[in-house]
Amino acid sequence: MPGEPDNHALGRSRGGWTTKIHLAADNSQTVMSVTLTAGQRADSPHLPAVLDAISVPRTGPGRPKTRPGRVLADKGYPSRANRAYLRERGITAVIPDRADQRANRKAKGRRGGRPPALDRDTYKQRNTVEQAIGRLKRYRAVATRFDKLAVRYEATLQIAIILDWKPNFSNTA
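The sections below set out a description of the structure shown in this document. These numbers come from a predicted model, not from an experiment.

The rules behind the values
- Residues numbered from 1 in each chain as written.
- Predicted model: local features only at pLDDT ≥ 70, side-chain atom pairs only at ≥ 80, totals over all residues.
- Heavy atoms only, no water.
- Helix = DSSP H or I, 4+ residues; strand = E, 2+ residues; numbered from the N terminus.
- Contact = heavy atoms within 4.5 Å.
- Areas by Shrake-Rupley, 256 points an atom, 1.4 Å probe, with all protein chains shown as cover.
- Buried < 20%, exposed > 50% of the residue type's maximum accessible area, 1.4 Å probe, protein only.
- Pairing = 2+ DSSP bridges.
- Axes fitted to C-alpha atoms, helices over the stretch in contact; angles between N-to-C directions.
- Salt bridge = Lys/Arg side-chain N within 4 Å of Asp/Glu carboxyl O.
- Expected span 1.5 Å × (residues − 1).
- Arc of directions from axis to C-beta.

Moving on, we come to the overall build of the protein chain. Along the protein chain, the regular secondary structure elements total 7 helices and 5 strands. Walking the protein chain from its N terminus toward its C terminus, one meets helices and strands in the order β-β-β-α-β-α-β-α-α-α-α-α. Structurally, the protein chain occupies a C-alpha span of about 65 × 45 × 30 Å along its principal axes. Within the protein chain, counting contacts between residues at least 6 apart in sequence, those at least 24 apart form 48% of the total. Accessible surface, the protein chain as shown: approximately 11600 Å² in total, 52% of it carbon and sulfur.

Shown next, in the form of structure tokens:
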């Protein structure tokens, strides 16, 4: 099927066959973009794909907004490539570094460089992404993934996002 990944975004993890949902959400937990990957895949390489899929229409004339002011991500995304990608686009990175990266930098001494800046107060707002994922997983079809094809599961996700975005949709008649 065209546009379908070879593995249908299914991969082995400790719990069995799983799919990872990478998403971008704003402060109000509104999902702006979604990407699916197999469960065993690393998170870090998928950050550019998630950010490139953001397109927020403006209220007046003009192109849609495609670049957030800052990105809050967990310890799965602190690679140099991601930081360089964000720096190129003028986006502030609020991503903590992992303990192993810190140890490697300290082991190099002065050649290890400075640790990346982290605004801890801003990082506390990252829970909105986790809450957005939790809101989507209220829908049984999203939480359990009964669909065999990734395109169908992504369609299920999109429907859940629409239903979550407009919860009183059925009451408008």
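Inspection of the secondary structure puts Arg105 in helix H3 (residues 99-107). Note on Arg105: relative accessible area 15%, which makes it buried. Beyond its immediate sequence surroundings of up to four residues, Arg105 is in contact with Asp97, Gly112, Gly113, Arg114, Pro115 and Pro116.

Below, the discussion takes up the sheet that holds strand S1 (residues 11-13). Strand order in this open sheet of 3 strands is S1-S2-S3, and the pairing throughout is antiparallel. Edge strands, defined here as strands with exactly one partner in the open sheet, are S1 and strand S3 (31-38). Across the sheet, the mean angle separating the axes of adjacent strands is 55° when strand polarity is ignored. Alignment of S1 against strand S2 (residues 16-25), held across 3 bridges, turns out to be antiparallel. Across the sheet, residue Arg12 finds its bridge partner in S2, namely Trp17. Where helix H5 (residues 127-136) meets the sheet, it contacts S2 and S3, and its direction lies at approximately 125° from that of S2. Across the sheet, helix H7 (residues 150-165) is in contact with S2 and S3; its angle to S3 comes to roughly 155°.

For the rest of this paragraph, the subject is the pattern of salt bridges. Counted by the stated rule, this structure contains 9 salt bridges. For the salt bridge of Asp52 with Arg89, the shortest nitrogen-to-oxygen distance reads 3.4 Å. Of the two residues, Asp52 sits in helix H1 (residues 47-52) while Arg89 sits in helix H2 (residues 80-89), which places them 37 residues apart along the sequence. What you see here is one network of salt bridges that share partners, running through Asp97, Arg102 and Arg105.

Looking now at the pairing of S3. Burial of S3 is extensive: 7 of the 8 residues sit out of reach of the surface. The hairpin turn running from S2 into S3, its antiparallel successor, is 5 residues long, and Gln29 in that turn takes a positive phi close to 65°.

Bringing H7 into the picture now. The first and last C-alpha atoms of H7 sit 22 Å apart over 16 residues, in line with the 22 Å expected at 1.5 Å per residue. Within the span of H7, buried status applies to Ala150, Tyr153, Thr156, Leu157, Ala160, Ile161 and Asp164. Down the axis, H7 shows its buried residues gathered within 140° of arc, on one side only. Opposite the packed face of H7, turned more than 90 degrees from it, sit the exposed residues Arg152, Ile159, Ile162 and Trp165. Where H7 is buried, its residues touch S2, S3, H5 and helix H6 (140-144).

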